[in-house]
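Listed below, chain by chain, are the residues.
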Amino acid sequence: STVGSARSNYEEYVGFEYFPELKGLVLALGGLMFLSDNTGQWSSLASGLTMGSLQVFSEYNPVHKVAVFGGGYDQRIYKVDASRQVTTLSIAPVTLGIQSSVFTVDPVSGDYLVFTGNPAAFYVYDVRDDSWTLQPDSVPIYYINESTGNPTVVGVAATPIADYGVNFFVSCTYWGCKTYLYKH
């Protein structure tokens, strides 16, 4: 999940996600902060982490009880587990961030599904063994930017739907919206 706030002449985004086992919200931007449901207080889980300052993401994994975060026009990612342990993960093969990729989780297997726009590609990230696998067929959740002719994922949002074991995507442009369902 992300939230934006206007700052100078650009948009800055932080990755935030609710972590049920920790009973609170984790927020990523240069480090990892935690807002406790019990106390209503912020605390630091990690600081000085290398990640971009724009468009950082965070994605909770209900299968493996971890949250993966990082990116921000960068390829570095981290995970936090239910014991509050923050771990550096392997470098992603693609740039991660909300305008360069869609990073979501399959609600059945717990695999992370990563879609990029330019170049259009589909990767599966297995957080258990910290491995990336390029999929032979890309899922068409990107659209072609009319002004550049390049594929892009700007305007694409994703959410896992556990009850049906699918991921729901919506892709909106100036020309309308499309929806997709994907079963991994």
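Relevant structure appears above.
For the structure given in this document, a descriptive report is provided here. (Residues numbered from 1 in each chain as written. Predicted model: local features only at pLDDT ≥ 70, side-chain atom pairs only at ≥ 80, totals over all residues. Heavy atoms only, no water.)

1. Topic: the packing of aromatic side chains
Line of reasoning, step 1. A full pass over the atoms with the stated rule returns eleven aromatic pairs.
Line of reasoning, step 2. When the centroid spacing of 5.0 Å and the interplanar angle of 40° are considered together, the rings of F103 and Y112 count as tilted. Of the two residues, F103 and Y112, both sit in the buried class.
Line of reasoning, step 3. Ring centres of Y112 and Y125 lie 6.3 Å apart, and the angle between their planes is 35°; this geometry places the pair in the tilted category. You can see Y112 sitting in strand β11 (residues 112–117) and its partner Y125 sitting in strand β12 (residues 120–126), a full 13 residues away along the chain.
Line of reasoning, step 4. The exposure class assigned to Y112 is buried, which follows from its relative accessible area of 0%.
Line of reasoning, step 5. Assessed through its relative accessible area of 0%, Y125 is described here as buried.
Line of reasoning, step 6. An aromatic cluster of at least three residues, connected via ring pairs, comprises F57, F103, Y112, Y123, Y125 and W132. (Phe/Tyr/Trp six-rings, centres within 6.5 Å; stacked < 30°, edge-to-face > 60°. Buried < 20%, exposed > 50% of the residue type's maximum accessible area, 1.4 Å probe, protein only. Helix = DSSP H or I, 4+ residues; strand = E, 2+ residues; numbered from the N terminus.)

2. Comments concerning the state of the cysteines
Line of reasoning, step 1. On inspection of all chains with the given rule, the structure shows one disulfide.
Line of reasoning, step 2. Put simply, C172 and C177 are joined by a disulfide, and their sulfur atoms are 2.1 Å apart. Across the S-S bond of C172 and C177 the torsion is about 115°, and the bridge reads as right-handed.
Line of reasoning, step 3. The exposure class assigned to C172 is partly exposed, which follows from its relative accessible area of 30%. (Disulfide = S-S within 2.5 Å.)

3. Re the sheet that holds strand β8 (residues 77–81)
The strands that make up a sheet pair up through hydrogen bonds in the backbone, lying either parallel or antiparallel.
Line of reasoning, step 1. Reading across from one edge, β6-β7-β8-β9 is the order of the four strands in this open sheet, with antiparallel pairing throughout. Strands at the two margins of the open sheet, each flanked by one partner only, are β6 (56–61) and β9 (86–88). On average, each strand axis in the sheet is tilted by 20° relative to the strand beside it, whichever way the strands run.
Line of reasoning, step 2. Here strand β7 (residues 66–71) runs beside β8; their pairing, made up of five bridges, is antiparallel. (Pairing = 2+ DSSP bridges. Axes fitted to C-alpha atoms, helices over the stretch in contact; angles between N-to-C directions.)

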